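# Structural characterization, general
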Number of protein chains: 2
Amino acid sequence: MPQRGRPRGFDREEALRRAMEVFWTQGYDNASLADLTRAMGINAPSLYATFGSKESLFQEAVALYVRTEGSGIWEQVETAPTARAAIEHVLNTTAEAFTRGPAPRGCMIVLAAPQMQGANPHICDALKAHRQANGCLLERRLKRAVEEGELPASTNCRAIANYYVTLQHGMSIQARDGASRETLLAIANCAMSGWNALTTQHG
Amino acid sequence: MPQRGRPRGFDREEALRRAMEVFWTQGYDNASLADLTRAMGINAPSLYATFGSKESLFQEAVALYVRTEGSGIWEQVETAPTARAAIEHVLNTTAEAFTRGPAPRGCMIVLAAPQMQGANPHICDALKAHRQANGCLLERRLKRAVEEGELPASTNCRAIANYYVTLQHGMSIQARDGASRETLLAIANCAMSGWNALTTQHG
DNA sequence: TCCTTTTTGTATCGATGACTACAAAATATC
DNA sequence: GATATTTTGTAGTCATCGATACAAAAAGGA
């Protein structure tokens, strides 16, 4: 017995995808209910009956973003043959993803609520947790590279992970400011050119 | 004949400084008139009589921020003996400024309106212009270093400038997420460790 | 003292924010 | 067809947004 009453007149996944694009472009606070319902093609009562609230809709949109847009950037960190290849892939894929078609420029996780305080601490905390998870992911990969002999034991894995994650966050600002794919790739290339110096000297 | 009527009951500079802190902490949209007037210790009519509007108050706050907080980071780019010293000073001073006392963490120019669209395009454009001015400043300094023989003629000055500015933007996100001064200094150190590789190979 | 000028506090404006009450509409079950 | 259940659109809730009208208060110039 899946559904009894009147069937829903719209596709939940499609509506969520539209909401994600609005949040991605405008941020959490700047995305009004009027903006959301217009983009989703539904009225406010349908939104609340389906997603609960603006905040929970945003959380679902974040989860969708991580699952679709973010996966291409981060999913191969574990499987890449070397830590160097993993990070190089992250940066190059970031440059590509941030300048892809009509999608908003830059990362939703970085740009959607950067004030880190205000009316919605849940929102800020969730985004911050996602950002820090990426740093931890890189750090773990670097530590594995040390264990596997790719990098020397003196490698400061946390510092290097923080460094590359910081650059990747900065690329969101550059992308939102209109940087081209070539510009972002050149930035990634600059960062990778220091790899040997970074992983051989001082801990 | 400086003043005729009832004298102003508050200090304009001090009130502007308070407003700057509110905008710096909360961003442009999230800073409500109630927040501003409470922090400035004045009522709304005094604010509008003195500063014109919320938008012009913000623009004055940005100018004050650049003049006070930002000057320590960027003012010595021209006067530093080498381009390397200039950039190293920018990054190290950034780490120090972003973790100084009770001030908000991270750069107001980066964090106050990152959505780059919405109700106030003037605000977004002004902040974007400030960000890009810093990139141009670094690029000019690097070109001068090429002319003076510090760097080879094959140096890709624009790419290197974009790279370091991007990292500096990312440090705002890290600072707002709670990164310590030591963490930010380690990030700056990682970026500088690639200097030789960055300035000797490929254009 | 009276008049002009400017600032002050109070109280409010219309617009918009997120959110919901309610009844008509549309389906499954009986 | 009758009833129960869920979704739909309309209209509206209260709170807050940025911005002001207005008159009392506080100063200088006559």
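Residues numbered from 1 in each chain as written. Chains lettered and ligands numbered in written order. Predicted model: local features only at pLDDT ≥ 70, side-chain atom pairs only at ≥ 80, totals over all residues. Heavy atoms only, no water.

## Remarks on the protein's contact with DNA strand C
Rules: The criterion for a residue being near a molecule or strand is simple. One of its heavy atoms has to lie within 4 Å of it. Polar contacts, as used here, are pairs of N or O atoms within 3.5 Å; protein pairs need one atom able to donate a hydrogen and one able to accept it. Residues neighboring in sequence count only if both atoms are side-chain atoms. Where helices and strands are cited, they refer to DSSP runs of H or I of at least four residues and of E of at least two residues respectively, numbered from the N terminus. Amino acid classes used here: Ala, Val, Leu, Ile, Met, Phe, Trp, Tyr, Cys and Pro are nonpolar; Asp, Glu, Lys and Arg are charged; the rest, including Gly, are polar.
Contacts to DNA strand C come from 22 residues, most closely from Leu33, Tyr48 and Lys54 of chain A together with Gly9 and Asn43 of chain B. Near-protein atoms of DNA strand C (within 4 Å) split between backbone and bases, with sugar and phosphate holding 77%. Interatomic distance of 2.4 Å between a side-chain N/O atom of Tyr48 of chain A and a phosphate oxygen of DNA strand C. With respect to DNA strand C, the backbone of Arg6 of chain B contributes an N or O atom lying 3.2 Å from a base oxygen. Mapped onto the surface near DNA strand C, the elements with two or more residues apiece are helix H3 (44–51) of chain A together with helix H3 (44–51) of chain B. Counting residues per element, the surface near DNA strand C draws most heavily on H3 of chain A, at three residues. Residue composition of the surface near DNA strand C, grouped by class: nine nonpolar, seven polar and six charged.

## What about the pattern of salt bridges?
Oppositely charged side chains are able to pair whenever their charged atoms sit close together. Heads up, the condition is: By salt bridge we mean one thing: a side-chain nitrogen of Lys or Arg within 4 Å of a carboxyl oxygen of Asp or Glu. When accessible area is computed with a 1.4 Å probe and restricted to protein chains, residues below 20% of their type maximum are described as buried, those above 50% as exposed, and intermediate ones as partly exposed.
Enumeration over the complete set of coordinates arrives at 26 salt bridges over all chains. Glu96 of chain A is the partner of Arg100 of chain A in a salt bridge, and the nearest nitrogen-oxygen pair spans 2.9 Å. Owing to a relative accessible area of 35%, Arg100 of chain A belongs among the partly exposed residues under this scheme. With its nearest N and O atoms 3.9 Å apart, the salt bridge here joins Glu96 of chain B to Arg181 of chain B. In this pair, Glu96 of chain B sits in helix H6 (residues 83–97) while Arg181 of chain B sits in helix H10 (residues 181–193), placing the two residues 85 residues apart along the sequence.

## Here we look at the protein's contact with DNA strand D
The full set close to DNA strand D counts 22 residues, and Gly9 and Asn43 of chain A together with Leu33, Tyr48 and Lys54 of chain B are the nearest of them. Here, DNA strand D places atoms within 4 Å of the protein, and 74% of those atoms are sugar or phosphate. A distance of 3.0 Å is found between a phosphate oxygen of DNA strand D and a side-chain nitrogen or oxygen belonging to Ser46 of chain A. Arg4 of chain B places a polar main-chain atom, nitrogen or oxygen, 3.2 Å from a sugar or linking oxygen of DNA strand D. Of all the elements in the fold, those that place two or more residues in the surface near DNA strand D are H3 of chain A together with H3 of chain B. In the surface near DNA strand D, the residues fall into nine nonpolar, seven polar and six charged.

## Quick notes on the nonpolar core
Our working definition: Residues belong to one nonpolar core when they are buried, are Ala, Val, Leu, Ile, Met, Phe, Trp, Tyr or Cys, and are joined through side-chain atoms within 4.5 Å. Residues are treated as being in contact if the distance between any of their heavy atoms lies within 4.5 Å.
In terms of nonpolar packing, the biggest core is built from 134 residues, with Met108, Tyr163 and Tyr164 of chain A together with Met108, Tyr163 and Tyr164 of chain B touching the most fellow members. Setting aside anything within four residues of it in sequence, one finds Met108 of chain B in contact with Met20, Phe23, Trp24, Phe58, Ala61, Val62 and Tyr65 of chain B.

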